[in-house]
Number of protein chains: 2
Amino acid sequence: MPRRKVSNPLALAVLSCLAERPMHPYEMSTTMRERGKHESIKLNYGSLYSVVESLQKHGLIAPRETVKDGRRPERTVYEITSAGRLEYVDWLAELIGTPAKEYPTFEAGLSLIGGLPPDDAVRLLQQRAALLRSQLQGGAELERYAKEIGVPQLFLVEADYRRGQIEAEIGFVDKLAASIADGSLDGVDYWRQIHEQYAAGEEVTPFRLPSQK
Amino acid sequence: MPRRKVSNPLALAVLSCLAERPMHPYEMSTTMRERGKHESIKLNYGSLYSVVESLQKHGLIAPRETVKDGRRPERTVYEITSAGRLEYVDWLAELIGTPAKEYPTFEAGLSLIGGLPPDDAVRLLQQRAALLRSQLQGGAELERYAKEIGVPQLFLVEADYRRGQIEAEIGFVDKLAASIADGSLDGVDYWRQIHEQYAAGEEVTPFRLPSQK
DNA sequence: GTTCTGATACTCGGGATCGAGTAATCGAAC
DNA sequence: GTTCGATTACTCGATCCCGAGTATCAGAAC
């Protein structure tokens, strides 16, 4: 049993729409898009209808009416239930109040970085740093624009957060690339040796901790 | 078609084991555990056999022999193919060299933080900061221990990265909590007002940008 | 010598997920 | 008045994914 009855983040976004007012699914999807929620939440609109159905099954939302507009297909308008409202604030509180264990792909890469030759690793890290810097620039432009058209800071906190994370990552990446390049990172000599052996077609002996026993 | 034929991160870990030497699936799982890869990579060992099968189907690994050891069930030992080796370094290079768009749950929470009353938000942010600080402490202890038993820095870069990210997050969270609490964040007055209305049972009017037209 | 614990090694069912597809309608343009 | 592309609104099946379960065996313990 996963922590939540419906755990797809799209469900959270659905609840957030319905917390505001009743809507039909397609309107939710346009609303989310409009507000740029897909930038911060992984929203797969292909799952929208199954998620809505699942929310209904669990009593967090309920159909309010089905309207027939012209000769278009029927649309079912949903509203949030009080159980849904509880779930919504509880979920939000968890997201904000409790750091979750996450698995950024870069961390996965770092933990296996030894699988690449050190010089390649340095080159790739430099490339990453460059891409991160241009992300930062793009973000700054957007922010300037948002300010200009009068969006309150309150609605930009997530962009702020992201910026901070990216800046920290750049700092880390720069430092790591440099310390591999100049050999000051403890273990690089060993790493280099392994890959030279491998390139020369020799057997490679994996690193073993000096036995404690 | 997803970017990779087999996209489960467990597959990457399998490749990394087999890049070193042939193994049978269960040995891979113990090896990964031993090396603490599950800290940095999302490894669901329940998917191990399906992932291995899928890798084989796509020609990235191949069975080398099935050994019968005593009266235990047969174990199939796999080895990496040259296509697999290519896939492995290509995947690694991508993880390191190209920032991926990710969706940390905290960012999702931030983008909807308006759904909580401001005072609750402040309390939750403070709680988060406290938890992050204790994570930091736990990490520092581990690091000290690793150093003591002689693990080269090279094998700890991912922990280093994580530390940097957490520190940056703490900075952000502290600042945000303070700026909500003292009202200096642009939009907080409006936010507070909405939730007072809501608490009083009144209709709530959602924020609209001043129309440009 | 038999009970227990923990490691070994694997299986399986079914829900979640997602991209690609479809079908109808609207508005603009010619 | 009809072509055509964009938008609206939804459907579906193939794959993925995972937790929980199972069965066996080695060694400890009594």
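Residues numbered from 1 in each chain as written. Chains lettered and ligands numbered in written order. Predicted model: local features only at pLDDT ≥ 70, side-chain atom pairs only at ≥ 80, totals over all residues.

(A) The relation of the copies chain A and chain B, seen in detail. Least-squares fitting of chain A to chain B yields an RMSD of 0.0 Å, with the superposition described by an axial translation of 0.0 Å and a rotation of 180 degrees. On this basis, the relationship between the two copies can be described by a two-fold rotation axis. When the interface residues of chain A are mapped onto chain B, 100% of them again fall at the interface, so both copies present the same face. (Least-squares fit on C-alpha atoms with pLDDT ≥ 70 in both. Contact = placed C-beta atoms within 7 Å.)

(B) Quick peek at the packing of helix 6 (residues 118-148) of chain A against helix 7 (residues 157-181) of chain A. Residue and element names in this part refer to chain A. Across the interface, helix 6 lies against helix 7 with an axial gap of 9 Å and an inter-helix angle of 155 degrees. Judged by the angle between their axes, helix 6 and helix 7 are roughly antiparallel. In terms of crossing hand, the pair formed by helix 6 and helix 7 is left-handed. When its residues are assigned to classes, the contact of helix 6 with helix 7 shows 15 nonpolar, three polar and six charged. (Axes fitted to C-alpha atoms, helices over the stretch in contact; angles between N-to-C directions. Helix = DSSP H or I, 4+ residues; strand = E, 2+ residues; numbered from the N terminus. Parallel < 35°, antiparallel > 145°, perpendicular 65-115°, else oblique. Left-handed = near helix turned anticlockwise from the far one by under 90°. Nonpolar A, V, L, I, M, F, W, Y, C, P; charged D, E, K, R; others polar.)

(C) View of helix 6 of chain A. Compared with an ideal rise of 1.5 Å per residue, which puts 31 residues at 45 Å, helix 6 of chain A spans 45 Å between its outermost C-alpha atoms and is within 8% of the ideal. For helix 6 of chain A, every residue scored as buried is listed here: Pro118, Ala121, Leu124, Leu125 and Arg128 of chain A. The secondary structure elements touched by the buried residues of helix 6 of chain A are helix 7 and helix 8 (188-199) of chain A together with helix 4 (82-97) of chain B. The first or second residue beyond helix 6 of chain A is Gly150 of chain A, which carries a positive phi of 90 degrees. (Expected span 1.5 Å × (residues − 1). Buried ≥ 20, exposed ≤ 12 C-beta atoms within 10 Å, placed from the backbone.)

(D) Layout of the environment of Glu74 of chain B. Residue and element names in this part refer to chain B. By the element assignment, Glu74 lies in the loop between strand 1 (61-67) and strand 2 (75-80). On the neighbour-count criterion, Glu74 (9 C-beta atoms within 10 Å) is exposed. Through-space distance from the C-alpha of Glu74 to that of Arg21 is 19 Å; in sequence the pair is 53 residues apart.

(E) Highlighting the confidence of the model for chain A. The predicted model of chain A averages 91 in pLDDT, with 91% of residues at 70 or higher. Element-level pLDDT for chain A is lowest in strand 1 (residues 61-67) of chain A, with a mean of 86, against a maximum mean of 98 in helix 7 of chain A. (pLDDT = per-residue confidence, 0-100.)

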